[in-house]
Amino acid sequence: MICRWLFYIEGGITISVAVCAMFILPGFRQNTRWFTPEERAIIISRLAEDGYGKADELEKQTTMEGLRDAVSDWKMWWFSVAAMFQAVE
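Residues numbered from 1 in each chain as written. Predicted model: local features only at pLDDT ≥ 70, side-chain atom pairs only at ≥ 80, totals over all residues. Heavy atoms only, no water.

Where do I start with the overall build of the protein in this structure?
Within the protein one finds five helices and zero strands. Secondary structure elements of the protein, listed N to C terminal, follow the sequence α-α-α-α-α. (Helix = DSSP H or I, 4+ residues; strand = E, 2+ residues; numbered from the N terminus.)

Before we go on, may I ask you to explain the packing of aromatic side chains in this structure?
Under the definition given, this model contains one aromatic pair. With a centroid separation of 5.5 Å and an interplanar angle of 80 degrees, the aromatic rings of Trp5 and Tyr8 are classed as edge-to-face. Of this pair, Trp5 and Tyr8 both sit in helix α1 (residues 2–24), separated by three residues, roughly a single helical turn. The exposure class assigned to Trp5 is exposed, which follows from its relative accessible area of 52%. (Phe/Tyr/Trp six-rings, centres within 6.5 Å; stacked < 30°, edge-to-face > 60°. Buried < 20%, exposed > 50% of the residue type's maximum accessible area, 1.4 Å probe, protein only.)

Even after reading the chapter, I still don't get the pattern of salt bridges, so can you show me in this structure?
For side chains bearing opposite charge, pairing can occur when the charged atoms are close. A full pass over the atoms with the stated rule returns one salt bridge. Between Asp69 and Arg68 there is a salt bridge; the shortest N-O distance is 3.4 Å. Accessibility expressed as a relative area gives 51% for Arg68, which makes it exposed. (Salt bridge = Lys/Arg side-chain N within 4 Å of Asp/Glu carboxyl O.)

How should I be thinking about a nonpolar patch on the surface in this particular structure?
Together, Ile15, Val19, Met22, Phe23, Ile24, Leu25 and Trp34 make up an exposed nonpolar region whose accessible area comes to about 830 Å². For Trp34, the position within the fold is in the loop between α1 and α2 (37–49). Residue Trp34 is classed as partly exposed on the basis of its relative accessible area, which comes to 47%. (Patch = residues over 30% accessible without salt bridge, like charges linked within 9 Å, V, L, I, M, F, W, Y side chains within 5 Å. Areas by Shrake-Rupley, 256 points an atom, 1.4 Å probe, with all protein chains shown as cover.)

Sorry, what's going on with the environment of Phe35 here?
Mapped onto the elements of the fold, Phe35 is located in the loop between α1 and α2. Contact partners of Phe35, with chain neighbours within four places excluded, come to Arg40 and Ile43. (Contact = heavy atoms within 4.5 Å.)

Would you mind showing me how to read the environment of Val71 here?
With respect to the helices and strands, Val71 occurs in helix α4 (residues 63–71). Residue classification places Val71 among the partly exposed residues on the basis of a relative accessible area of 42%. The residues touching Val71, leaving out its near neighbours within four places in the chain, are Met76 and Trp77.

Laid out in structure tokens, this is it:
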């Protein structure tokens, strides 16, 4: 009986944090209030280096091209290995 209330409390806290995060976290890098103009320029240049600089190209990208980009990204492989070792423990 007490376990049920524990799940309700934990679920309520999770939902509250998620709703707050929708308003606190920025949707786009251009409308973030707490970045200085220099920091915004650095963020935009780093995203452009990774291939995320042009939104039009991302909208025209097919699913298979997106899959190819994900499979060929070395950061995705390192994250997968790290997640696998974390799950093993």
